[in-house]
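# Understanding the architecture of this molecule
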There are 2 protein chains.
Amino acid sequence: MQLPKRAYILEVGPRDGFQAEKAWIPTERKIEIVNALSKTGVPAVQVTSFVHPRAIPQLADAEEVLSRIERVPGVEYRVLVPNLKGLQRALALKPDKVHFMNSVTESHSRANANRSVDEGLAQIEEMYTVAAEAGVPGVGGMACSLGCPFEGKVPIQQLEKVASRYVEIGIREIGIADTIGVADPRLVYDVSARMLDRFPQVTWSLHLHNTRDMAMANVVAALQAGITRFDASVGGLGGCPYAPGAAGNASTEDMVNMLHEMGVETGIDLDGLIAVAKMVQEVIPHELDSCMVKAGKRTDLKPAPSGQQKIGQ
Amino acid sequence: MQLPKRAYILEVGPRDGFQAEKAWIPTERKIEIVNALSKTGVPAVQVTSFVHPRAIPQLADAEEVLSRIERVPGVEYRVLVPNLKGLQRALALKPDKVHFMNSVTESHSRANANRSVDEGLAQIEEMYTVAAEAGVPGVGGMACSLGCPFEGKVPIQQLEKVASRYVEIGIREIGIADTIGVADPRLVYDVSARMLDRFPQVTWSLHLHNTRDMAMANVVAALQAGITRFDASVGGLGGCPYAPGAAGNASTEDMVNMLHEMGVETGIDLDGLIAVAKMVQEVIPHELDSCMVKAGKRTDLKPAPSGQQKIGQ
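Here the residue index of a chain counts from 1 through its sequence in written order. Note on labels: chains are lettered from A, ligands numbered from 1, in written order. Note on the predicted model: pLDDT of at least 70 is required for a residue's local features to be given, and 80 or more for side-chain atom pairs to be given and counted; whole-chain, interface and lining totals, by contrast, use all residues.

### As for the overall build of chain A
How we decide: In this text, helices come from DSSP runs of H or I with a minimum length of four residues, and strands from runs of E with a minimum of two, each type numbered from the N-terminal end. Radius of gyration here is computed from C-alpha atoms only, and the compact-globule reference equals 2.2 Å multiplied by the residue count raised to the power 0.38. Put plainly, a residue is buried at 20 or more neighbouring C-beta atoms within 10 Å of its own, exposed at 12 or fewer, and partly exposed in between, counting only other residues' C-beta atoms, which are placed from the backbone. Working definition of a contact: two residues with C-beta atoms, positioned from the backbone, lying within 7 Å.
Scanning chain A for helices and strands turns up twelve helices and eight strands. Here the C-alpha radius of gyration of chain A, 19 Å, is about what a compact globule of 313 residues would show, namely 20 Å. The dimensions of chain A, computed from C-alpha atoms along their principal axes, are 70 × 40 × 35 Å. By residue count, 58% of the 313 residues in chain A fall in the buried class. Relative to all contacts within chain A whose residues are 6 or more apart in sequence, the contacts with residues 24 or more apart total 73%.

### Quick word on the packing of helix H8 (residues 185–198) of chain A against helix H9 (residues 215–225) of chain A
Residue and element names in this part refer to chain A. Defined as follows: To get an axis, fit a line to the C-alpha atoms, keeping to the stretch in contact for a helix; angles then go from 0 to 180 degrees between the N-to-C directions. By definition in this entry, angles of less than 35 degrees are roughly parallel, angles greater than 145 are roughly antiparallel, angles of 65 to 115 are roughly perpendicular, and the rest are oblique. For any helix crossing, the convention is left-handed if the near helix is rotated counterclockwise from the far helix by under a right angle, and right-handed if that rotation is clockwise. All residues other than Ala, Val, Leu, Ile, Met, Phe, Trp, Tyr, Cys, Pro, Asp, Glu, Lys and Arg, Gly among them, are scored as polar; the first ten of these are nonpolar and the last four charged.
Their axes nearest at 8 Å, the elements H8 and H9 cross at an angle of 30°. Judged by the angle between their axes, H8 and H9 are roughly parallel. H8 and H9 meet at a crossing whose hand is right-handed. Together, Pro185, Val188, Tyr189, Ser192, Ala193 and Leu196 of H8 and Ala217, Asn218, Ala221, Ala222, Gln224 and Ala225 of H9 make up the contact between the two elements. Of the residues in the contact of H8 with H9, the class split is nine nonpolar, three polar and no charged.

### A short note on the sheet that holds strand S7 (residues 203–207) of chain B
All names here are of chain B. What counts, and what does not: When DSSP finds at least two bridges between two strands, those strands are taken to pair.
In spatial order, the strands read S1-S2-S3-S4-S5-S6-S7-S8; together these eight strands close into a barrel with parallel pairing. Across the sheet, the axes of successive neighbouring strands diverge by a mean angle of 30°, strand direction being ignored. When strand S6 (residues 173–177) meets S7, the two strands line up parallel, connected through five bridges. Within the sheet, the bridge partner assigned to Gly175 lies in S7 and is Ser205. Each of strand S4 (97–103) and strand S5 (138–143) is contacted by helix H6 (residues 117–133), which is oriented at about 170° to S4, the strand it contacts most.

### Some remarks on the relation of the copies chain B and chain A
Defined as follows: Least squares is the method for superposing the copies, and the C-alpha atoms it fits come from residues with pLDDT of at least 70 in both.
Relative to chain A, chain B is turned by 180° and slid 0.0 Å along the rotation axis, the superposed coordinates differing by an RMSD of 0.0 Å. The transformation just described matches what one would write down for a two-fold rotation axis. By C-alpha distance to the rotation axis, the residue of chain B lying nearest is Ala217 of chain B, at 1.8 Å. Residue by residue, 100% of the interface of chain B is reproduced at the interface of chain A, so both copies engage with the same surface.

### Examining the packing of helix H10 (residues 252–261) of chain A against helix H11 (residues 270–283) of chain A
Residue and element names in this part refer to chain A. In the contact formed by H10 and H11, the axes pass within 9 Å of each other and the chain directions differ by 160°. When the interaxial angle is binned, H10 and H11 end up roughly antiparallel. As H10 packs across H11, the resulting crossing turns out to be left-handed. Here H10 contributes Thr252, Glu253, Val256, Asn257 and His260 to the contact with H11, which in turn contributes Leu270, Leu273, Ile274 and Ala277.

### Some remarks on the pairing of strand S3 (residues 76–80) of chain B
Residue and element names in this part refer to chain B. What counts is decided by this rule: Seen with the strands pointing away from the viewer, any crossover whose path from the first strand over the helix to the second strand runs clockwise is right-handed.
Taken across its five residues, S3 has four buried, putting it largely inside the fold. In the sheet, strand S2 (residues 44–49) pairs with S3 via five bridges, with the strands oriented parallel. Pairing of Val45 across the sheet is with Tyr77, part of S3. Each parallel crossover has a hand, and the one from S2 via helix H3 (residues 62–68) to S3 is right-handed. With three bridges joining them, S3 and S4 adopt parallel strand pairing. Paired with Leu80 across the strands is His99, a residue of S4.

### Points about the environment of Glu63 of chain A
Residue placement: Glu63 of chain A occurs in helix H3 (residues 62–68). Setting aside residues up to four positions removed in sequence, Glu63 of chain A forms contacts with Arg89 and Leu93 of chain A.

### Focus: the interface of chain B and chain A
Contact with chain B, which involves 62 residues of that partner, is made by 62 residues of chain A. Here the side of chain B that touches chain A is composed, by residue class, of 33 nonpolar, 19 polar and ten charged.

### Here we look at the environment of Cys144 of chain A
Positionally, Cys144 of chain A belongs in the loop between strand S5 (138–143) and helix H7 (156–169). Discounting chain neighbours no more than four positions away, the residues touching Cys144 of chain A are Ser103, Val104, Thr105, His108, Val154, Thr179 and Ile180 of chain A.

### Concerning the nonpolar core
Filter applied, for reference: To form a nonpolar core, buried Ala, Val, Leu, Ile, Met, Phe, Trp, Tyr and Cys residues must be joined through C-beta atoms within 7 Å.
Judged by nonpolar contacts, the single largest core of 212 residues is most densely connected at Met216, Val219 and Met255 of chain A together with Met216, Val219 and Met255 of chain B. Setting aside residues up to four positions removed in sequence, Met216 of chain A forms contacts with Asp254, Met255 and Met258 of chain A together with Asp213, Met214, Met216 and Ala217 of chain B.

### Section: the pairing of S6 of chain B
Residue and element names in this part refer to chain B. Within S6, four of the five residues are buried, which leaves it mostly tucked inside the rest of the structure. As defined by bridge partners, S5 adjoins S6 across three bridges and the pair is classed as parallel. By the bridge assignment for S6, Gly141 is matched with Gly175. At this point the chain moves from S5, through helix H7 (residues 156–169), to the parallel S6, and the crossover so formed is right-handed.

### Topic: the confidence of the model for chain A
Residue and element names in this part refer to chain A. To keep things clear, this is the line we draw: One confidence number per residue, pLDDT, is output by the predictor and ranges from 0 to 100.
For chain A, per-residue confidence averages 95 on the pLDDT scale, and residues scoring 70 or more make up 97% of the total. Scored below 50 in pLDDT, residues 307–313 shows 23 contacts in the model against residues more than four places distant or in partner chains. Per the prediction output, this complex has pTM 0.96; the corresponding ipTM is 0.96.

What follows is the structure, given as structure tokens:
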């Protein structure tokens, strides 16, 4: 099995994870969690989203969180910006990068952002220019790249169209998002290989949800195709509005554990990361989808029992 | 991504799943579930274990379950037999195959079965002969093949030793078991490729637990190495005594979904299987680790909404 030696994790829990939580998470807790994540060795954190507070009340404290976190040198602090107003709010606080997001299907673009795919791309072009003038690079996400809740399978041409426009705009870092958690490893392999081949100038990443328990398999498939950058969410925070109660984003600690077990370095301290996931569990009123929190590491050996045991195969 | 066209699922929920449940499952419910599984197209079901009732009270009704299920032609009905007494109880009811299990590490063999690896193999040789005389083939499982709760990593030589003895005994179907759910995809690939190469006369299968969310990734790795047979447990039933509260066995419906999504046929009706998992949920007093039960299939499309939506990226 050929795998790259190194993978890079973008922690998105404070944005994609927290925004899925209905119960208010106090701003102090959000700041503590971002600060704790910063110390695990994770190379980048998506801190919040500058979305309208009425759309996502949980992230109404975006300014306060971004302005009050301790920025650790070497860690990139990124934020999602859904529109020009949000971008302007974000730029005032100098994030390291801003994330734009556009759906690759018309129906999801309308449902999620009340705009067509082309309208979204035009808005992103405008935002990219404003951010670039402020010296902040823009990253492009492609929602529903691997499946749409309304349209089902997505022709690769729709990904290529959005990616081409992103590249024309000047974007050089693009994320393929499995927004609703339907991608299988073969699809991930094929799409990853195709996009790497078609757009060699782009730094590609993958945004996975574990909705149907394929996130870890999809990480391995993407690594085999040559993608080494992954969004992940501490504690497996996150969710999907089309599958209430389902598993959330790919869990950072489960992903880091698997990568390390396979000999793929991440630079992340897994023990520290599991400790942060346990801290997250204390502020979230439901059980996390985190295997490492529940099961612990492989190397947490048990003492061998002595004396007679019952036979229970 | 090169994958075989077909995979074979051995449903082990009624044995490995039920035995992990503390609360008594009425015999009638067990029989209904085995009967329902039989109609999904699954090629084989591990119906129960003829273990001593004091060791696993949940399976004290092994005789009644095996004798009262409706056997569907084409489905193999298998049972686990931990010792000669259990084998004799089983053979009276003519299962299609009997499963033996031996740990590949000394400390787990002692903890689980109060015997050394060699003592276990000697007992299995005796059982194999008795079963063969009754016309019932014996299958060999290798517990802790991919990691031991007491010894950690397991040298491949220990697997080869047990497999060699199994082959000498006459066994031609062997299962590599990740009993405690610690295997990563690279290890699974390497071990699978090695065992296929070293023992070409053996039909190999893989028994996975999803304790650390790597089961589905391990299925893909094993398929890439050439193993096409997998144990799986409806509803993700099962567990690990060394990780209370952790995820259970690899879920049959999640595995079948992934295989079908990748174009790997199983012959199993996924809708029927999800319906059985929901039936299982009704008799189990905790939430199942089943993504397909919670999230549904990719093809369960939503109606596209109309009218203005809030922007919530």
